[in-house]
Amino acid sequence: MDSGTAKTKMTKQEKSWIMYDWANSVYATIMMAAVFPIYFSGVANNAGQSGDFWWGIASSGGMIVLALVAPMVGALANFIGYKKRIFLIFLVLGIGFTLLSAFSNNWVFLMFGYSISLFGFYGSNLIYDSFLSDVTTPQRMDMISGYGFALGYIGGSTIPFLFSIALITFGSNFGIDITLAVKISIVITALWWGLFTIPFLKDVKQLYGMEKPKSHPIIRSAFSAVLVTAKKIFLDKRLFFFILAYFFYIDGVGTVMRMATAYGATLGLDATGMILALLVTQLVAFPCSIWFAVLSRRYGTLKIIYGAIFVYLFICLVGFIMGFGLEESYFGVDTALILFWTLAVLVGTVQGGIQAASRAYYCQIIPPEHSAEFFGFFDIFGKFAAVLGPLIYSVTLGIFGRSSYSILSIVALFAIALVILHVGKKHLQEKQE
């Protein structure tokens, strides 16, 4: 890529595409990572249930369905005019069930409502990611993808997150208890998500795709396209090795993100301290997501992914030490909270970068006219991974009865990914520009 290309101003379509990261990142922070997991664990624990166990189950629930339908959804979205329609269906499910979660105190409803909203969140992201090839060029994908995650962290995550922290911490001064503060935060999440999606809905258009078939039903055509795309992926060693490694390492990334506060709450860490630590994650992730894009252009995307995986291995080991030390009384809660803050900083350095790099690399090696189909398979690997990680956590907890062992089990996912990348290194680098 020449420097002129890298310095070209963003187009209106690129900016509007990036804005959806700003819009939906509030869900990832409030609902998936910080406020809602702690709230849900508390509600479940008060009902005599294991909060982090059922949180793991809730995080896996809707993903099983999405993982199964993702290839067909991607194939349907690949027909001209269908991407935006399917995106809207997922968007309504995500925002709608997020909003409904603010009006219930029943842990079972909260669990199922969260699963459906997660289904909508990830489903909309499947289609959103496939639009990357419609809004920019292959040479700019690393930059645009990285800026998307960066804007999400500094805006969509941080601003409503700060308000939620203030409301939870100081709301009692105005007669607002913690439960009401959480409910208000959930409402804000839904409103923020919907409002800032408007630029994407208005400006982003589908450029690549296939014409709707006239001779036979669209479902039949989509199913045939799924089979053809699957064959292409399995025959293309570069695609096959990358997407298989992605399955394991993105599983680990997602599990760390979804289980962090539930893990800390089970260990007895202060909720406010954990939420503040996760704020640090968002602040660190903003410049690091952009930094990853710069490093990807200089050293190659795959090398950056390798480095991020090694950082996550270290994160899991420190997380195990934090839990094991508390369980064995080697140190107290204050020391554990310091370790939690350390982990928050480390996660911030790689969380957005590894996701942006993975999205950009995959988009570069697939045909743009079939982007939605291929992202359907990208999504199925990612979403089955989203099922596997929390299940491994919960099953390990059920067997050993120790949360520290659960977090240690996630190390295996990153290790397997490294082995696959190493085995497929020759094929991955043959066409790497």
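What you are looking at is a predicted structure, and each value in this text was computed from that prediction instead of being measured. (Residues numbered from 1 in each chain as written. Predicted model: local features only at pLDDT ≥ 70, side-chain atom pairs only at ≥ 80, totals over all residues. Heavy atoms only, no water.)

Draft legend 1. Fine view of the overall build of the protein. Of the regular secondary structure elements, the protein holds 19 helices and zero strands. In the protein, which comprises 433 residues, the share counted as buried stands at 60%. Considering only contacts within the protein whose residues lie at least 6 apart along the sequence, 86% involve residues at least 24 apart. Surface exposure of the protein reaches about 17000 Å², of which carbon and sulfur atoms provide 69%. (Helix = DSSP H or I, 4+ residues; strand = E, 2+ residues; numbered from the N terminus. Buried < 20%, exposed > 50% of the residue type's maximum accessible area, 1.4 Å probe, protein only. Contact = heavy atoms within 4.5 Å. Areas by Shrake-Rupley, 256 points an atom, 1.4 Å probe, with all protein chains shown as cover.)

Draft legend 2. Helix H5 (residues 83-100), seen in detail. With 18 residues, H5 ought to run about 26 Å at 1.5 Å a step, and its terminal C-alpha atoms sit 26 Å apart, in line with that. By the burial criterion, the buried members of H5 are Lys83, Lys84, Ile86, Phe87, Phe90, Leu91, Gly94, Ile95 and Thr98. Down the axis of H5, the buried side of the element spans an arc of 160°, and every buried residue falls inside it. Summarising the geometry of H5, the exposed residues directed more than 90 degrees from the buried face are Arg85, Ile89 and Val92. (Expected span 1.5 Å × (residues − 1). Arc of directions from axis to C-beta.)

Draft legend 3. Broad picture of the environment of Leu66. By the secondary structure assignment, Leu66 is in helix H4 (residues 51-77). Relative accessible area serves as the criterion here: at 0%, Leu66 is assigned to the buried category. On a C-alpha basis, the gap between Leu66 and Phe119 in space is 6.3 Å, while along the polypeptide they are 53 residues apart.

Draft legend 4. The arrangement of the packing of aromatic side chains in detail. A complete count under the given rule lists 33 aromatic pairs for this structure. Taken together, a centroid distance of 5.8 Å and an interplanar angle of 70° make the contact between Phe240 and Phe241 edge-to-face. With a relative accessible area of 25%, Phe240 lands in the partly exposed category. Accessibility expressed as a relative area gives 16% for Phe241, which makes it buried. Grouped by ring-pair contacts, the aromatic residues Tyr27, Phe36, Tyr39, Phe40, Tyr114, Phe121, Tyr122 and Trp193 constitute a single cluster. A cation sits over an aromatic face here: Arg85 above Tyr82, 4.9 Å from the ring centre. Across from the ring centre of Tyr405, 5.1 Å away, lies the NZ or CZ of Arg402, which sits over that ring. (Phe/Tyr/Trp six-rings, centres within 6.5 Å; stacked < 30°, edge-to-face > 60°. Lys NZ or Arg CZ within 6 Å of the ring centre and 35° of its normal.)

Draft legend 5. Region of interest: a nonpolar patch on the surface. Taken together, Ile64, Val65, Leu68 and Val69 make up a surface patch of nonpolar side chains, about 320 Å² in accessible area. Locating Val69 in the fold gives a position in helix H4. (Patch = residues over 30% accessible without salt bridge, like charges linked within 9 Å, V, L, I, M, F, W, Y side chains within 5 Å. Salt bridge = Lys/Arg side-chain N within 4 Å of Asp/Glu carboxyl O.)

Draft legend 6. Just the pattern of salt bridges, in detail. Applying the stated criterion across every chain yields a total of seven salt bridges. Measuring nitrogen to oxygen at the nearest pair gives 2.9 Å for the salt bridge that ties Glu14 to Arg140. Here the residue Glu14 occupies a position in helix H2 (residues 12-33), and Arg140 occupies one in the loop between helix H7 (132-135) and helix H8 (141-170), the gap between them amounting to 126 residues. Judged by relative accessible area, which is 6%, Arg140 ranks as buried. Taking the shortest distance from any N to any O, the salt bridge between Lys83 and Asp134 comes out at 2.5 Å. On the criterion of sequence distance, the pair formed by Lys83 in helix H5 and Asp134 in helix H7 is long-range, its members being 51 residues apart. Taking relative accessible area as the criterion, Lys83 reaches 0% and is therefore assigned buried.

Draft legend 7. Representation of the packing of helix H14 (residues 301-327) against helix H18 (residues 411-423). At a minimum axis distance of 9 Å, the contact between H14 and H18 shows a crossing angle of 155°. In terms of axis orientation, H14 runs roughly antiparallel to H18. Both H14 and H18 take part in a crossing whose hand is left-handed. Taken together, the residues of H18 that come into contact with H14 (itself represented by Ile305, Tyr306, Ile309, Phe310, Tyr312, Leu313, Cys316 and Leu317) are Val411, Phe414, Ala415, Ala417, Leu418, Leu421 and His422. Partitioned by chemical class, the residues of the contact of H14 with H18 number 14 nonpolar, one polar and no charged. (Axes fitted to C-alpha atoms, helices over the stretch in contact; angles between N-to-C directions. Parallel < 35°, antiparallel > 145°, perpendicular 65-115°, else oblique. Left-handed = near helix turned anticlockwise from the far one by under 90°. Nonpolar A, V, L, I, M, F, W, Y, C, P; charged D, E, K, R; others polar.)

Draft legend 8. Representation of the environment of Ser404 in the model. Within the fold, Ser404 resides in helix H17 (residues 403-409). Separated by 88 residues in the primary sequence, Ser404 and Cys316 place their C-alpha atoms 9.7 Å from one another. Those residues within four positions of Ser404 in sequence are excluded, and the remaining contacts are Tyr263, Phe320, Gly323, Phe324 and Glu327.

Draft legend 9. Seen up close, the nonpolar core. Ranked by internal contacts, the top residues of the largest apolar core, which has 137 residues, are Trp17, Tyr249 and Tyr362. With 16 residues, the top contributor of residues to this core is helix H12 (residues 237-267). (Core = buried A, V, L, I, M, F, W, Y, C linked by side-chain atoms within 4.5 Å.)

Draft legend 10. Broad picture of the environment of Ala412. Considering the arrangement of structural elements, one finds Ala412 in helix H18. For the pair formed by Ala412 and Leu313, sequence separation is 99 residues and the distance between their alpha carbons is 8.8 Å.

Draft legend 11. Local environment of the packing of helix H13 (residues 271-299) against H14. The geometry of H13 relative to H14 is characterised by a closest axis approach of 7 Å and an angle of 125° between their N-to-C directions. In this view, H13 runs oblique relative to H14, as classed from their interaxial angle. Together, Phe292, Leu295, Ser296 and Tyr299 of H13 and Thr301, Lys303, Ile304 and Ala308 of H14 make up the contact between the two elements. Looking at the contact of H13 with H14 residue by residue, the class counts come to five nonpolar, two polar and one charged.

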